[in-house]
Every structure is written in C-alpha cells, then in structure tokens.
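Residue strings, one per chain:
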Amino acid sequence: MPKIVYVQPDGTETALDVDAGTTVMRAALAAGVQGIVAECGGNAMCATCHVYTDPSDSDRLPAVGDDEDEMLDCTAGAREDGSRLSCQLPITEAMEGLAVRVPREQV
Amino acid sequence: MSTVIVGAGQAGVHLAVSLRQAGYAERIVLIGDEPALPYQRPPLSKAFLLGAATEEAIQLRPESFYPSESIDLLTGERATGIDLATACVQLASGTRIAWEHLVLATGARPRTLGVPGKSLDGVLPLRSLAHARELARRIGTARHVVVVGGGFIGLEFAAAVARDGITTTLLEGADRLMGRAVTSPVSRFFAESHRARGVEVRLGVAAAEFLGVRGRVTAVRATDGRNHPADLVVVGAGVTPDTELAARAGLPTGDGILVDETLRTADERVFAIGDCARFPSTHAGTLLRLESVQNATGQAAHVAREIVAPGRCPYQALPWFWSDQKGLRLQIAGLTHRHDETALLGDPDSGRFSVAAFRNGRLVALEAVNRPADYQAARRLLSRGAALTASDVTAPGFSLKTAAA
C-alpha cells in the first residue's frame, strides 16, 4: 500500500495509504481531500483534478498522454512543469511516498 | 438543525460533500431511492456496459466516506411528501425528518414513447444502474440492436455495442443527431463517423411500433414503414424531470422545479438543483433546465455556499458537457442555444476540429471534437466573458490558447 501525500496550498498535508490500482484522484475523493474536484469522474474531460508533482518524480509516473497534455493547457491553476491530471495517475508500488500539491483553484 | 437532500445522484452527493468542505457542522441527511451506493451515470452508457468498469469503480464515493463525513446516507428510501408548514420530509418507511434547509435533487426519469409494444421484453431505457446491468447482460447475445433516439445516450450506446457480427440501427426522428445540444457541422460529423463504424444511422425516421413474438421484441417498425429486426432495443428519448414531490407540496413546477437565480424555489428554505431544476440562465438569457454533470456539481457547490453563508448570489457557472463515443471525444463549453452563426476551426476530415458558435456577434459556445486544447481555452474565454466575433476567431494567426492566456 503506497503512501501518497497531498499538500494543500496552505501547507497542510494529508498522507494516505492507498491500494495499488486506484488513482491519485480516486484516493483523494475517497478520503475527502480538499481541492480535488474531479467533475468528470476520471475521463480527462474536465481538468478539475489537477495536481502538481515534483518534476524529479516524472520517471516513476506514466508519461503525459496527448489528451491530458491538451487539457493541462488553460487549467484554473497555472500549469507548471510537474502538472498532471490526478485521474491519469494509476497508483503503483513505485509511487511510494509521492507528494502532490493541490492548486489553489480548480474550477 | 439540518439540511435534508432528496436525491442521491451527482447533485445530491456533491452538495453533501461541498457542505462539509465548507465547514457546515449540522446534520446532513441524503435520501436516495435506489438501493446501490450513489454512483456516476456517465459510465453507464460507456465503459460499464462493456464490463470495462465495475460497480465499485463508478461509485461517487466509497461506502466508508459517508459515515466518516457524518453524512446520513439513506439508500433504497423514498421521500413521499414535503410538509412546508412543519418543515418535515415524509419517508416511505414512515419516518419523518425535520429540516432547516431542504434541497430537491430528484433528477429525471427516462421518457417513455407512446409507441405500441413499448412494454415488450427486450425494449429498455438507459438511465439507472439497474438498466445498465440489464443491458450489459443482454449485449453479449444480441445480434440485432436498434437504438431509438440520436442524442448523447443513444449514440454512446450505439458506439459501445457496434461490432462485427451484429447489426446496429439508430433511428432519429429529427433531421440531425444531438439536435438539442450541438450545431449542424458537429451533427454531420457524428452521423458520418457512426456510419463509417457500421451503425445504420437513419434520420427523420422514428419508431412507429415495436413488434414481438410471445412477449419478446423481434423488430422495430419505423415511421417510413420499414421493419428493422431487433432482439435488443434501447430507447434514448430524453428524460422527464422528477417534479412530483415539489408539485404536491405546492411548489411551482413546469418542465422542472422552478427556481430563481439563486436556485431557491418559491419557498426560500427550499432549493432545487441538477436535472430537476429549471432556472434562469445568464448564459442562455432564458429559463433553462440542463442535464449534465457540470450542472449538477456547479449548482450543488452554489447551494452549499448559500446555505453556509447566505449571500443571495446568482448562479452563473459556465455550462459544459462532454460525450465520449468510443474514441470520438466531444467537449462543449457554453450553450449553443439560439446561436445564429458558426465558425469552423480545423478540418472535420482530419477527425479533429472545433465549431465556435455565436449569438448576436458574440462567442457563446465552442464544440471541440478530439481537440481538448480548444475546449479548455474556450472555457476560460467564456468564463471571463471575452467578446469574440466569428471574424476574430477565423482571422489568420488567431489562436484560442493565446487569446485565453
């Protein structure tokens, strides 16, 4: 059960032990983590589950897909190098300890 | 004191969640008449039908979420009456629940067709988890599928089932697909795409009769007299808002529960949100009822704010929609209602293009087909009320993304 850490804009951290196979988005919804809205339910259609990962973590995350890449343009919180849609991040053992920052704005 | 929410679909659940996230500490009761845990409807006409998503995967929240957030979720329970005088909801099980705020998120029911044979075995609507389970069970053995209605649900279903070895026929009474929701160029593109995948798309033709043998459907007779063999018929003929409870309580209704711009009904303690609510839309400039996830969640978030900190603010969120028809991703920002001009961006023959829609010389909506970047940029532009004309967006060198930055 990898541990995923969600960091709010004010620095508050929520650490969750998450089953491999779910996604960073679904795990956040299940635990009621603030700031992950995920209106479309995980279809890369709405970009309201945007998170910032540390660019140094990119090698243990799946590559950004074409649709995800386009949806990350013009997100409510400005795009950065490590920007991802958390619905496109299925959790694997390799992601143990991954920290994701939640943007101030999502919608 | 407490907030009672009637209806545990996307709108009802999002309201309960939004109230807690906004710090609401009073009791929340969420009443749903279906037996299952609250679930997402969009996958029902897509991945879930094909077994690519489990019931657990489409739950809005896991079972443990509700007690952990102190949300009293009552599943398989039906509200049978609202007493405005004593501020109580009556439940079918006999319980009465008092409320300070009441929110009606009762949703909608599939519209049934007044067509002979509509009760034959094998003629099914697609709205609930129970419907989708039944359809998923029958898809495997179906050989001749007829879809009645060329809206989002009918097309998503047709896209999901179409494969070699079965015939799929879609009947749409209007002269184009998704006519209530999209512009003509998008209708045309989807008709051609579905035909290319082997779906027989018939426009201007409706179902006249469902024919059967020993109670089971065997064919659909179309209004032009042609018979289409059928062992499975899906009726996607739109929905009727569930207004009964409100009407019986004396709240004004009319194709929806009527609310003001703050989403309050005629009784200011009672709100209505989601598919069942008819509200004055700033984007359409008219009374409107929308059936979409965004409308459910946007209105829920708005009402949560009004309950926690009543500001009598108007609901103004930009509507958006999506439909995924097996690799054809349609995303719509804004409302195309009463548009009088369109502009094409990109080439439909490439399978990636957008249509911008204008009303009175101003951008009101954008439909993106497999072009998410256009959609995202348009959402931002429309949300901020950017004034763009058709000649602006078709000018050489114009980029939506740059304009939105």
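The numbers attached to residues start from 1 for each chain and follow its sequence in the written order. Think of it this way: whatever chain is written first is A, whatever ligand is written first is 1, and the rest follow in order. Local features in a predicted model are, by the rule used here, given only for residues with pLDDT of at least 70; side-chain atom pairs are given and counted only at 80 or more, and totals for whole chains, interfaces and linings are based on all residues. Values reported for side chains reflect all heavy atoms of the structure, with hydrogen atoms and water molecules removed beforehand.

Undergrad: So what exactly am I meant to see when it comes to the sheet that holds strand β12 (residues 199–203) of chain B here?
TA: Strand pairing in a sheet relies on backbone hydrogen bonds, with the paired strands running either antiparallel or parallel. Residue and element names in this part refer to chain B. Pairing between two strands requires that DSSP report at least two bridges joining them. Only DSSP runs of H or I with at least four residues qualify as helices, and only runs of E with at least two residues qualify as strands; both kinds are numbered from the N terminus onward. Pairing within the open sheet is parallel, and its five strands lie in the order β9-β16-β10-β11-β12. Edge positions in the sheet fall to β9 (123–125) and β12, since each has one partner strand and no second. Each strand axis lies, on average, 20° off the axis of its neighbour in the sheet, ignoring direction. As paired elements, β9 and strand β16 (residues 232–235) share three bridges and run parallel to each other. Across the sheet, residue Leu124 finds its bridge partner in β16, namely Val234. Contacts between helix α3 (residues 129–139) and the sheet are confined to β9 and β16, with β9 contributing the most and set at about 140° to the helix. Angles here are taken between N-to-C directions and fall from 0 to 180 degrees, while the axes themselves are lines fitted to C-alpha atoms, restricted in helices to the stretch in contact. Contacts are assigned to residue pairs with any non-hydrogen atoms lying within 4.5 Å of each other.

Undergrad: What am I meant to see in the packing of aromatic side chains here?
TA: Within a pair of aromatic rings, the relevant descriptors are the distance that separates the centres and the angle that separates the planes. Residue and element names in this part refer to chain B. Stacked, edge-to-face and tilted labels apply to pairs of Phe, Tyr and Trp rings (six-membered ring for Trp) whose centres lie within 6.5 Å, assigned for plane angles under 30 degrees, over 60, and everything in between, in that order. This structure, assessed with the given rule, holds five aromatic pairs over all chains. Relative to Tyr66, the ring of Phe65 lies with its centre 5.6 Å away and its plane at 90°, an arrangement referred to as edge-to-face. The burial state of Phe65 is the same as that of Tyr66; both residues are buried. Seen from their ring centres, Phe189 and Phe353 are 4.9 Å apart, and the 70° between their planes marks the pair as edge-to-face. Of the two residues, Phe189 is situated in helix α5 (residues 184–196) and Phe353 in strand β25 (residues 352–359); the sequence distance between them amounts to 164 residues. For the residue pair Phe189 and Phe353, the accessibility class agrees, reading buried in each case. An aromatic cluster of three or more residues is present, and its members are Phe189, Phe190 and Phe353. Only when the NZ atom of a Lys or the CZ atom of an Arg is both within 6 Å of the ring centre and within 35 degrees of the ring normal do we say a charge sits over the ring. Directly above the aromatic system of Phe65 lies the positively charged group of Arg61, at a separation of 5.1 Å from the ring centroid. For every residue, the accessible area (1.4 Å probe, protein chains only) is compared with the maximum for its type, and the residue is labelled buried under 20%, exposed over 50%, or partly exposed between those bounds.

Undergrad: Explanation requested: unusual backbone geometry in the structure shown.
TA: Trans peptide bonds make up most of the peptide bonds, and negative phi angles are found at most residues other than glycine. Residues and elements named next belong to chain B. Not every positive phi belongs to a glycine, and Asp255 is a case in point at roughly 45°. Structurally, Asp255 is set in the loop between α6 (244–248) and β18 (257–258). The residue Lys326 is not glycine, and still its phi comes out positive at about 50°. You can call Lys326 partly exposed: its relative accessible area is 46%.

Undergrad: What exactly am I supposed to notice about the nonpolar core here?
TA: In summary, soluble globular proteins display a tendency toward joint burial of nonpolar side chains. By nonpolar core is meant a set of buried Ala, Val, Leu, Ile, Met, Phe, Trp, Tyr and Cys residues that side-chain atoms within 4.5 Å join together. One finds B:Leu104 and B:Phe157 to be the most contacted residues of the largest nonpolar core, which totals 97 residues. Among the elements that line this core, the one with the most residues is helix α1 (residues 10–21) of chain B, at six residues. When near neighbours in sequence (up to four residues on either side) are disregarded, B:Phe157 contacts B:Ser45, B:Leu49, B:Leu126, B:Leu135, B:Ile139, B:Val145, B:Val147, B:Leu232 and B:Val234. Ranked by size, the runner-up nonpolar core spans 54 residues in total, among them A:Leu16, A:Met71, B:Phe358 and B:Leu381.

Undergrad: Explain the packing of α1(B) against helix α7 (residues 293–308) of chain B to me, please; I cannot follow it from the model alone.
TA: The relative placement of two packed helices is expressed as an angle between their axes plus a distance between the axes. Residue and element names in this part refer to chain B. Interaxial distance between α1 and α7 falls to 8 Å at its minimum, and their mutual angle equals 35°. The two elements α1 and α7 meet at a crossing, and its hand is right-handed. On α7, the residues touching Gln10, Ala11, His14, Leu15, Ser18 and Leu19 of α1 are Val293, Ala296, Thr297, Ala300, Ala301, Val303, Ala304, Ile307 and Val308. A per-class count over the contact of α1 with α7 returns eleven nonpolar, four polar and no charged. Helix crossings get a hand from a simple test, with the near helix turned counterclockwise from the far one by less than a right angle marking a left-handed crossing and a clockwise turn marking a right-handed one. Amino acid classes used here: Ala, Val, Leu, Ile, Met, Phe, Trp, Tyr, Cys and Pro are nonpolar; Asp, Glu, Lys and Arg are charged; the rest, including Gly, are polar.

Undergrad: How do you make sense of helix α8 (residues 372–383) of chain B when you look at a structure like this?
TA: Along an α-helix, residues three or four apart share an orientation, since each turn contains 3.6 residues. All names here are of chain B. By this rule the span expected of a helix is its residue count minus one, scaled by 1.5 Å. For α8, built from twelve residues, the straight-helix expectation of 16 Å at 1.5 Å per residue is met to within 8% by its first-to-last C-alpha distance of 16 Å. Burial of α8 is extensive: ten of the twelve residues sit out of reach of the surface. Among the residues of α8, those classed as buried are Pro372, Ala373, Asp374, Tyr375, Gln376, Ala377, Ala378, Arg379, Leu381 and Leu382. Gly385 sits one or two residues past α8 and shows a positive phi near 75°.

Undergrad: Looking at this model, I keep getting lost on the pattern of salt bridges. Mind explaining?
TA: Two side chains with opposite charge may pair up if their charged atoms get near one another. For this document, the term salt bridge refers to a Lys or Arg side-chain nitrogen within 4 Å of an Asp or Glu carboxyl oxygen. Throughout the structure, instances matching the rule amount to 33 salt bridges over all chains. For A:Lys3, the salt bridge goes to A:Asp17, with nearest N and O atoms at 3.2 Å. With A:Lys3 in strand β1 (residues 3–7) and A:Asp17 in strand β2 (residues 13–17), this residue pair connects regions lying 14 residues apart in the sequence. Overall, A:Asp17 belongs to the partly exposed group, its relative accessible area being 47%. For B:Arg312, the salt bridge is made with B:Glu268, and the minimal N-O distance between the two is 2.8 Å. Taken together, the residues span a long stretch of sequence, with B:Arg312 in the loop between α7 and β22 (320–324) and B:Glu268 in the loop between β18 and β19 (270–272) at a distance of 44 residues. With a relative accessible area of 45%, B:Arg312 lands in the partly exposed category.

Undergrad: Whenever I open this one, the interface of chain A and chain B confuses me. Can you help?
TA: The parts lose accessible area when they come together, and the size of an interface is often stated as this lost area. The interface of chain A with chain B comprises 25 residues on the first partner and 31 residues on the second. As used here, buried area is the combined drop in accessible area, with a 1.4 Å probe, of two parts when they are placed together. Both faces considered, chain A and chain B share a buried interface measuring about 2200 Å² in area, 47% of it formed by carbon and sulfur atoms. In terms of surface lost to chain B, no three residues of chain A exceed A:Glu39, A:Met45 and A:Cys74, which account for 31% of the buried area on that side. If you look at where chain A meets chain B, you find three salt bridges.

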